[in-house]
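Architecture and fold: a report
Listed below, chain by chain, are the residues.
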Amino acid sequence: MDKFDIKKNYLNKINKFQKHNKLYYEDSSPKISDKEFDDLKNEIIRLEKKYNFLRSEISPTTSIGFKPSKNFLKSKHRVQMLSLSNAFDENDLLNFEKKIHNYLNEKINFEYSVEPKIDGISASLTYKNGKLVSGTSRGDGNIGELITENLKTILDIPHEIKKKDFPKDIDIRGEVFINKNDFVKLKNNFANPRNAASGTLRQKDPNETKKIPLKFVAYTFGHLEKNNFKNQSDFLYSLKNWGFVTSDHNKVFKNIGELVKFHKKFENERFNFEYDVDGLVYKVNDLNLQKRLGFTSNAPRWAIAHKFSAESAYSEILNIDIQVGRTGALTPVAKVKPVNIGGVIVSNTSLHNEDEIKRKDIRIGDTVKVERAGDVIPHVIEVDIKKRKKNSKKFVFPKKCPSCGSNTEKEYNSATKKIDAVRRCTNEGYDCEKIAIEKIKHFISKEALNIDGLGKKVVEKFWDLKIIRVPQDIFKINYEKISNLDGWGKQSSSNLQYSIEKSKEISLDRFIYSLGIRHIGNENAKLIAEDSKSILNFLDLINKKKFQELLNIDGIGETQVNSIKKFFKNKLNYEIVLELNKILSIQSKKINKNGKLKNKTFMFTGKLSNISRAEAKSLVEKNSGSVLSTVSKKLNYLVIGEKPTNKKIEQAKKIGVEIISQSALNNLLN
Ligand code: IVH
């Protein structure tokens, strides 16, 4: 092929890629499998690497990709639309219940509301004075797309409700889906019923949505002006009474034994259903308990999805890649011959860690059983030994980091008293290229700096061009230079500048999370930020190496503290934080300042009854009080539970701090 043909072939591929990119991201109706899409992209990358004269502004290596749906106005949910954690077996369920008991600090008996998990997409409907005023898609959980007119075409969704007991202002939430037999007619356009529902619902023109028989099953509420319901099951009953469709299979059960029995029975029956069901949802039935339990950053503590068992297929391992993650973990990934598992083409499967490979004696060339369940990454279940080739060799896991060549190690885990199964690169910080890139990707990610237009691909590109090597480089970008890069222009460069400027104002918890310290996810970052209150206090803690003080925070243990220590032992990590503090405006957490416990400080000692420390702390803070970790003159009340620490009581007495019981604290609140 001469240069002209190579270029022509390349541009054809780019155009094809653009078309499918748009179909995937903007129209939610991919027409090729994920694998074909990836192959196309990889082929373009391969060509660009091979022939350096190939360039295009819309190449996947330069363009950032479509933003989902410019078609609709955005709308902020009054109450977040979160997802659910998954359980796959009885053990996961026992763990789930244990966490509930721990959080409540009492072994309370409660019922479960059990509902089929229909595999569609969720939507939220706002009714004011009985009229449907707006409808939104889930979006990213905080902000959804306003798709009112499209939702109104669904026959199951009432436009007006005249029942006397229907709340004046309520968001009704449920699942939009399509029956399997209706999907058959659309099979050529969508990979599965879920995609079909999502694509049809988000058509620009509601008349297009109307052509497809979408359905809606209601199952929960978001905002609710006055909640008089005692149980989730009561709410489901009312939903039906008000004219919504609810599942005929909703049940209430008393314990995990009953849940498991029902799951087993239901799992076999699900194939007779008219629609796809991918599991059961279990919710704590008592709404008051739900309120106490609240949410972690992405899922409620009071609900879990119990998935049905996965689908599987056999394939051959072509190669084993070792990926290096942000925390240095070496993760083996098996590249397998592409295989269709339950409608999805799988070509990468997780092998978890070194021990897993050893335990299952997984080798390159082996035929393996691959399983796929819901959204989780497919994984290798077992090797078909009979099919093993004679000349096959045991896989040797690398002992040096494949990215930087440093030594790797398996750590001793003091909590489990075992050696970790995961091997890690010992390089802390930015000296290991793969770790550094992953750290920067984490820094700009949604839950951290959330910089629009600076996606993972752009980070990789800017890394290659040496534009970004450490986080602060992001704020020193020469936009003039960027606008001259292939695939960039004045507009995209100034958009990037805008989002980078915008990201400079950041809350302390997000900032701490953005640093990517191992074991400090957004929950722990929140705890530390709440304790530190301001970036100055946080820096003071680092400067004076007062890391041990963090142990006073309920929820922070040795593991987290050691990890923070190790992180700041690295000089570059420390300098990055100082540098970022100069550039960013790091905001202290805003709290309700006029609650009942305004200007009052508390400290807890001993076991509280019916409530955990974490819950008590959040209760105090919700009412504008604060919780201290040491006894000092600043402390107003020392709250004593069962078996308190005598030393704290003595100290408190000495300096005249008021000592109160838990019920006295309750009185202050009521
Ligand atoms: S409750 C915070 N109930 O599953 C409560 N969700 O992974 C979350 N879903 O986004 C929603 N059936 O799309 C709930 N009976 C049910 C459900 C259900 C299906 C979907 C929903 C949600 C996803 C969570």
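These numbers come from a predicted model, not from an experiment.

What follows is about the overall build of the protein chain. Tallying secondary structure elements over the protein chain gives 23 helices and 24 strands in all. A compact globule built from 670 residues should have a C-alpha radius of gyration of about 26 Å, and the protein chain, at 27 Å, falls within 12% of that. For the protein chain, the spread of C-alpha atoms along the principal axes amounts to about 90 × 65 × 60 Å. The proportion of buried residues among the 670 residues of the protein chain is 47%. Residue pairs at least 24 apart in sequence account for 67% of intrachain contacts in the protein chain once pairs closer than 6 positions are excluded. Here the protein chain has roughly 35,200 Å² of accessible surface; of this, 48% comes from carbon and sulfur atoms.

Let's shift gears to unusual backbone geometry. A positive phi angle, near 60°, is found at Asn-105, a position not held by glycine. Checked against the element boundaries, Asn-105 lands in the loop between helix H3 (90-104) and strand E3 (112-118). Here the phi dihedral of Asp-361 falls at roughly 45°; this positive angle occurs in a residue that is not glycine. With respect to the element layout, Asp-361 can be found in the loop between helix H11 (354-360) and strand E15 (367-372). Given a relative accessible area of 18%, Asp-361 falls into the buried group.

Here strand E23 (residues 637-640) runs beside strand E24 (residues 658-661); their pairing, made up of 4 bridges, is parallel. Looking across to E24, one finds that Val-639 is bridged to Ile-660. Crossover E23 to E24 through helix H22 (residues 646-654) is right-handed.

Turning our attention to helix H19 (residues 558-569). Relative to the 16 Å expected for 12 residues at 1.5 Å per residue, H19 spans 16 Å between its end C-alpha atoms, a close match to the ideal helical length. Within H19, burial applies to Gln-560, Val-561, Ser-563, Ile-564, Phe-567 and Phe-568. One face of H19 carries all of its buried residues, which in axial projection span an arc of 160°. Among the structural elements, helix H12 (433-444), helix H17 (522-532), helix H18 (535-543) and helix H20 (571-583) are those in contact with the buried residues of H19.

This brings us to the packing of H12 against helix H13 (residues 456-464). With their axes 10 Å apart at the nearest point, H12 and H13 run at an angle of 135° to one another. Here H12 lies oblique to H13, going by the angle between them. Between H12 and H13 lies a crossing whose hand is right-handed. Contact residues: Glu-433, Ala-436, Ile-437, Ile-440, Lys-441 and Ile-444 in H12; Lys-456, Val-459, Glu-460 and Trp-463 in H13.

It is worth spelling out the sheet that holds strand E5 (residues 131-137) at this point. Strands sit in the order E5-E4-E7-E8 across an open sheet of 4 strands; the sheet is antiparallel. The outermost strands of the open sheet, each flanked by one partner alone, are E5 and strand E8 (214-224). Neighbour-to-neighbour, the strand axes of the sheet open up by a mean angle of 30°, direction not taken into account. Where strand E4 (residues 121-128) lies against strand E7 (residues 169-178), 8 bridges are found, and the strand directions are antiparallel. Residue Lys-128 lies in a different strand from E7, and its bridge partner there is Asp-169. The strands that helix H6 (residues 193-201) touches are E4, E7 and E8; relative to E7, the one it contacts most, it runs at about 125°. Contacting E7 and E8, helix H8 (residues 232-242) crosses the sheet at an angle of about 125° to E8.

With that out of the way, let us pick up the site of the ligand. The environment of the ligand is formed by 13 residues, the closest being Leu-84, Glu-115, Glu-175, Tyr-219 and Lys-283. One of the backbone N or O atoms of Leu-84 is found 3.2 Å from an oxygen atom in the ligand. Contact distances for the ligand include 2.7 Å between an oxygen atom and a side-chain N or O atom of Glu-175. Here the ligand has 520 Å² of accessible area as a free molecule, and 89% of this is covered by the chains. The set of elements that each furnish at least two residues to the shell around the ligand consists of E3 and strand E10 (277-284). For the shell around the ligand, the leading source of residues is E3, giving 4 residues.

Every regular strand shows the same layout, with side chains that alternate between the two sheet faces. Across the 8 residues that make up E4, a large majority, 7, are buried. Hairpin remark: E4 followed by E5, antiparallel, with 2 residues in the connecting loop; positive phi at Asn-129, about 50°.

Moving on, we come to the sheet that holds E10. Ordered in space as E2-E11-E10-E3-E9, the 5 strands form an open sheet in which the pairing is mixed. At either end of the open sheet lies a strand with only one pairing partner, and these are strand E2 (85-87) and strand E9 (251-253). When the angles between neighbouring strand axes are averaged without regard to direction, this sheet yields 35°. The pairing of E3 with E10 spans 7 bridges and is classified as antiparallel. For Pro-116, the partnering residue across the bridge sits in E10 and is Leu-280. Sheet strands touched by H8: E3, E9 and E10. Its angle to E3, the strand with the most contacts, is close to 55°. The strands touched by helix H9 (residues 256-269) within the sheet are E3, E9, E10 and strand E11 (303-307), with E10 carrying the most contacts at an inclination of about 160°.

Okay, the confidence of the model for the protein chain next. Of all residues in the protein chain, 94% have pLDDT values of 70 or greater, and the mean over the chain is 89. Here residues 63-68 is a poorly scored stretch, pLDDT under 50, and it has 15 contacts once near neighbours within four places are set aside; other chains count.

Rules and cut-offs
- Residues numbered from 1 in each chain as written.
- Predicted model: local features only at pLDDT ≥ 70, side-chain atom pairs only at ≥ 80, totals over all residues.
- Heavy atoms only, no water.
- Helix = DSSP H or I, 4+ residues; strand = E, 2+ residues; numbered from the N terminus.
- Rg over C-alpha atoms; globule rule 2.2 N^0.38 Å.
- Buried < 20%, exposed > 50% of the residue type's maximum accessible area, 1.4 Å probe, protein only.
- Contact = heavy atoms within 4.5 Å.
- Areas by Shrake-Rupley, 256 points an atom, 1.4 Å probe, with all protein chains shown as cover.
- Pairing = 2+ DSSP bridges.
- Right-handed = clockwise from strand over helix to strand, strands pointing away.
- Expected span 1.5 Å × (residues − 1).
- Arc of directions from axis to C-beta.
- Axes fitted to C-alpha atoms, helices over the stretch in contact; angles between N-to-C directions.
- Parallel < 35°, antiparallel > 145°, perpendicular 65-115°, else oblique.
- Left-handed = near helix turned anticlockwise from the far one by under 90°.
- Near = heavy atom within 4 Å.
- Polar contact = N/O pair within 3.5 Å; in protein donor to acceptor, adjacent residues only side chain to side chain.
- pLDDT = per-residue confidence, 0-100.

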